[in-house]
Amino acid sequence: MKSVYIAEKPSVAQEFAKALHIQASRRDGYLESEEAIVTWCVGHLVTMSYPDAYDPALKKWSLDTLPFLPKEWKYEVIPSVKKQFDIVKGLLNREDVDRIYICTDSGREGEYIYRLVDQMAQVPDSKEKRRVWIDSQTEEEILRGIKEAKPMSEYDNVSASAYLRAKEDYLMGINFSRLLTLKYGYTLKDYLKRDKNVVIAVGRVMTCVLGMIVRREREIRGFVKTPFYRVVAQADLEGDALEAEWRAVEGTTYYGTPLLYGDKGNGFCKKETAQELIDRLMAQTPMISTVEKIEKKKEKKNPPMLYNLAELQNECSRLFKISPDETLKVVQELYEKKLVTYPRTDARVLSTAVAKEISKNLAGLSHYAPLGAYAQYVLDKKGYTRLAQSRYVNDKQITDHYAIIPTGQGLSALSTVGSIGAQVYEIIARRFLSIFYPAAEYQKVSIETVLRGEHFFASLKMLDKEGYLKIANHSYGRKKTGKDNSDEQTEGIENAADEKQLLQRLMALKKGSSLPIAQLEIKEGETSPPKPYNSGSIILAMENAGKLIEDEELRAQIKGSGIGTSATRAEIIKKLVTNGYISLNKKTQVIAPTLLGEMIYDVVASSMKSMLNPELTASWEKGLGMVAEGEVEPQVYMEKLEKFVSDKTAGVKQLNNRYLLKGYFDEAAKYYKPGRKKKK
């Protein structure tokens, strides 16, 4: 009797064959030896059937047939891969096969890919089916996964979640796309002067993300810049200039008055008021302030958390100007060549089990030329021995897979992944090695000085101990001038020396010290509009349920329910671009809605606004997670889903808001007239 190993794609199947040392002969669609058979899917082999497979009459779109809520779901083999499906089906059902190892990607989607094949191929339950769950494609990890493979039934909850996710996307996509197209497609066709009705594509995640992008664009468009005026003193610190900023603190002249701008009270609404303050302070000379407070402290900055896919996509968008979809392709290739661990992960920490074996990863990295010396230093100093007690290891923060880290293996394959692949690998390796180095330390001095009852504040912070920054810093993303920058480097060293000298003089001050003020001046500023999303920041916003949390430490602490999953977010952005709802600037990676995208947004906002709500979309994802954990019964989830679809469909059918929509369209179209620049 033989075992069948079924992988998600041919390249992965080859790795399993190598790890098992199977001397197999290559057949059409599989490998076979005396002991085992290795075969593969080519992504999805089976898909959900369209409504006309249930009833030919449903091929025609009609409001009368909505909502479409099948009681028994139909599936079919994808025509383009039918040949491979037939091969796999034959192998799984062979009489001499008694055990099946499921080696598809270790996640919800990988589980779904095999379960559909198993269902369509009608593989009998009499065959033993075991699930292989691995974090990398190194030989030892593959062998561990096979050795520790659990019965497929232990992943039934993950499977239920996968089926529900597909049904949810199907029901919302089929019903709401048909519903809104039938209701408003002609209105859009008429407005845009197109030959055919406009199909309005609606998706559980896609529509929500479109809403985030349109809202941000309109915030920027409607933003009115507000000027403000700060009063700044140039203090004379033994010949060095120290800039101190005026603030209205309690007890001062302007404290609590409407003349101030902002909550912090460090500026004026009118330039005239700022000038009045300067004139009053300069009425008497000399201007000698008195130091009222001085605070000296050391600040530490810990190495950042490890990369999950969203964090890596954001970083690659910023550094290399590549899209999330491109990043996923690159890191997937690194994974398949054994260079890094499983990429489709939301975790930013390692497991306790991995921490115990981490010296193997470091030993491998010691042979990686760009960073080998750093890895060897960690090994020599045994800097990895306390990793399990650090914040970078937390089993509770891991669902399917731990963070993306280098395996330390497969280094020879770096020559085959291209320049971007090599750079992505390097930033993953740098982030990983950083966690074994101490925190960076800064010396900070803050003072509060008083001049004729008015308070001025200054602070200076300087790097004292480099710590992990010596390895975390790299040159990616910096502008290349193409000229010798030795003068710039020298100037930087001189500036650092000047700054250190200024810091020392500042530290020498004490409470009651006199500090001459050489000059007072007005510095004009203005409020800034929100930044447009780029391909990286939108991924982070999706991960955090519509909130763009830019502080990395805060992101690490706030682990909420995201919109979509690490495996699907890049595809959502790509689909919005393909549909023509958003544009993606390849050079800057900045994202903006198109006119059609804004019109779709207005249609959804006026008919089923909750589809644009990030918190609601995230709650659906959270519910799927609870199904996967066995906390919610699949039937309960399905009942709520069907009710949601039915209620929304009934509500839209009753609406009559086409005239209102035309007003929205006119407003949006103002910014898209040919030859006219977008209004700032």
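Given the structure is predicted, the values throughout are model-derived calculations rather than measurements.

Draft legend 1. Here's a closer look at the overall build of the protein chain. Each helix and strand in the protein chain was counted, giving 22 helices and 17 strands. Along the longest, intermediate and shortest principal axes, the C-alpha atoms of the protein chain span 100 × 75 × 50 Å. In the protein chain, which comprises 680 residues, the share counted as buried stands at 51%. Looking at the protein chain alone, contacts between residues at least 24 apart form 78% of all its contacts between residues at least 6 apart.

Draft legend 2. Expanded view of the sheet that holds strand β15 (residues 514-526). The six strands are arranged β10-β11-β14-β13-β12-β15 in a closed barrel whose pairing can be described as antiparallel. Sheet twist, expressed as the mean angle between neighbouring strand axes with direction ignored, is 35°. Across six bridges, the pairing between strand β10 (residues 227-237) and strand β11 (residues 240-247) is antiparallel. Paired with Leu 237 across the strands is Asp 240, a residue of β11. In this fold helix α7 (residues 271-281) packs onto β10, β11, β13 (440-451), β14 (454-465) and β15, with an angle of close to 170° to the strand it touches most, β15.

Draft legend 3. A look at helix α20 (residues 614-628). A rise of 1.5 Å per residue sets the reference length of α20, with its 15 residues, at 21 Å; its end C-alpha atoms lie 21 Å apart and thus fit the reference within 8%. Within α20, burial applies to Pro 614, Thr 617, Ala 618, Trp 620, Glu 621, Gly 623, Leu 624 and Val 627. Buried positions along α20 lie against α3 (108-121), α5 (156-192), α6 (206-222) and α21 (634-653). Two to three positions downstream of the cap, the backbone nitrogen of Glu 615 sits 2.9 Å from a side-chain oxygen, assigning the N-cap of α20 to Asn 613. Where α20 terminates, the next one or two residues include Gly 630, which has phi positive at roughly 80°.

Draft legend 4. Structural view of unusual backbone geometry. Geometrically, the link from Leu 66 to Pro 67 is a cis peptide bond, its omega value of 5° lying close to zero. Tracing the sequence through the fold places Pro 67 in the loop between β5 (46-48) and β6 (75-77). Its identity as a non-glycine residue notwithstanding, Glu 238 has a phi of 55°, on the positive side. Relative to the helices and strands, Glu 238 resides in the loop between β10 and β11. Although it is not a glycine, Lys 321 adopts a positive phi angle of roughly 55°. Locating Lys 321 in the fold gives a position in the loop between α8 (309-320) and α9 (324-336). The exposure class assigned to Lys 321 is partly exposed, which follows from its relative accessible area of 37%.

Draft legend 5. Examining the nonpolar core more closely. Among the nonpolar cores identified, the biggest contains 95 residues, and Phe 176, Leu 180, Leu 188, Val 209, Ile 538, Met 542 and Leu 576 are the most heavily contacted of them. A per-element tally of this core places α5 first, with 14 residues. Excluding residues that lie within four positions of it along the chain, Ile 538 makes contacts with Val 209, Met 212, Ile 213, Tyr 533, Ile 573 and Ile 591. Counting residues in hydrophobic clusters, the runner-up holds 76 residues, among them Tyr 5, Cys 103, Phe 320 and Ile 404.

Draft legend 6. Inspection of the sheet that holds strand β4 (residues 36-40) at higher detail. Spatially, β2-β3-β4-β1-β7-β8-β9 is the arrangement adopted by the seven strands of the open sheet, whose pairing is mixed. Single-partner strands in this sheet number two, and they are β2 (25-27) and β9 (150-151). Its contacts with the sheet place α3 against β1 (2-7), β7 (97-103) and β8 (128-131), and it is angled at close to 165° to β8.

Draft legend 7. A look at the pattern of salt bridges. If you walk through the whole model with that rule in mind, you get 52 salt bridges. Linking Glu 621 and Arg 108 is a salt bridge whose minimum nitrogen-to-oxygen distance equals 3.1 Å. Of the two residues, Glu 621 sits in helix α20 while Arg 108 sits in helix α3, which places them 513 residues apart along the sequence. Accessibility expressed as a relative area gives 10% for Glu 621, which makes it buried. Between Lys 461 and Glu 299 there is a salt bridge, with the nearest N and O atoms lying 3.4 Å from each other. Residue Lys 461 is located in strand β14, and its partner Glu 299 is located in strand β12 (residues 288-301); the two are separated by 162 residues in the primary sequence. When its relative accessible area of 43% is taken as the criterion, Lys 461 is described as partly exposed. Taken together, the shared-partner salt bridges connect Arg 108, Glu 109, Arg 165, Glu 168, Asp 169, Arg 204 and Glu 621 into one network.

Draft legend 8. The arrangement of the environment of Glu 524 in detail. Mapped onto the secondary structure, Glu 524 falls in strand β15. For Glu 524, a relative accessible area of 56% translates into the label exposed. Through-space distance from the C-alpha of Glu 524 to that of Lys 270 is 10.0 Å; in sequence the pair is 254 residues apart. In contact with Glu 524, other than residues within four places in its own chain, are Pro 227, Phe 228 and Tyr 229.

Draft legend 9. Fine view of the pairing of β13. In terms of burial, β13 is a largely internal element, 11 of the 12 residues being buried. Across 11 bridges, β12 lies against β13 in antiparallel orientation. In the strand pairing of β13, Lys 300 is matched with Glu 441. Sheet topology note: the β13/β14 ladder contains 11 bridges and is antiparallel. Within β14, the residue paired with Lys 444 across the bridge is Lys 461.

Reading the values: the criteria
Residues numbered from 1 in each chain as written. Predicted model: local features only at pLDDT ≥ 70, side-chain atom pairs only at ≥ 80, totals over all residues. Heavy atoms only, no water. Helix = DSSP H or I, 4+ residues; strand = E, 2+ residues; numbered from the N terminus. Buried < 20%, exposed > 50% of the residue type's maximum accessible area, 1.4 Å probe, protein only. Contact = heavy atoms within 4.5 Å. Pairing = 2+ DSSP bridges. Axes fitted to C-alpha atoms, helices over the stretch in contact; angles between N-to-C directions. Expected span 1.5 Å × (residues − 1). Polar contact = N/O pair within 3.5 Å; in protein donor to acceptor, adjacent residues only side chain to side chain. Core = buried A, V, L, I, M, F, W, Y, C linked by side-chain atoms within 4.5 Å. Salt bridge = Lys/Arg side-chain N within 4 Å of Asp/Glu carboxyl O.

By themselves, these figures tell us nothing about what the structure is for.
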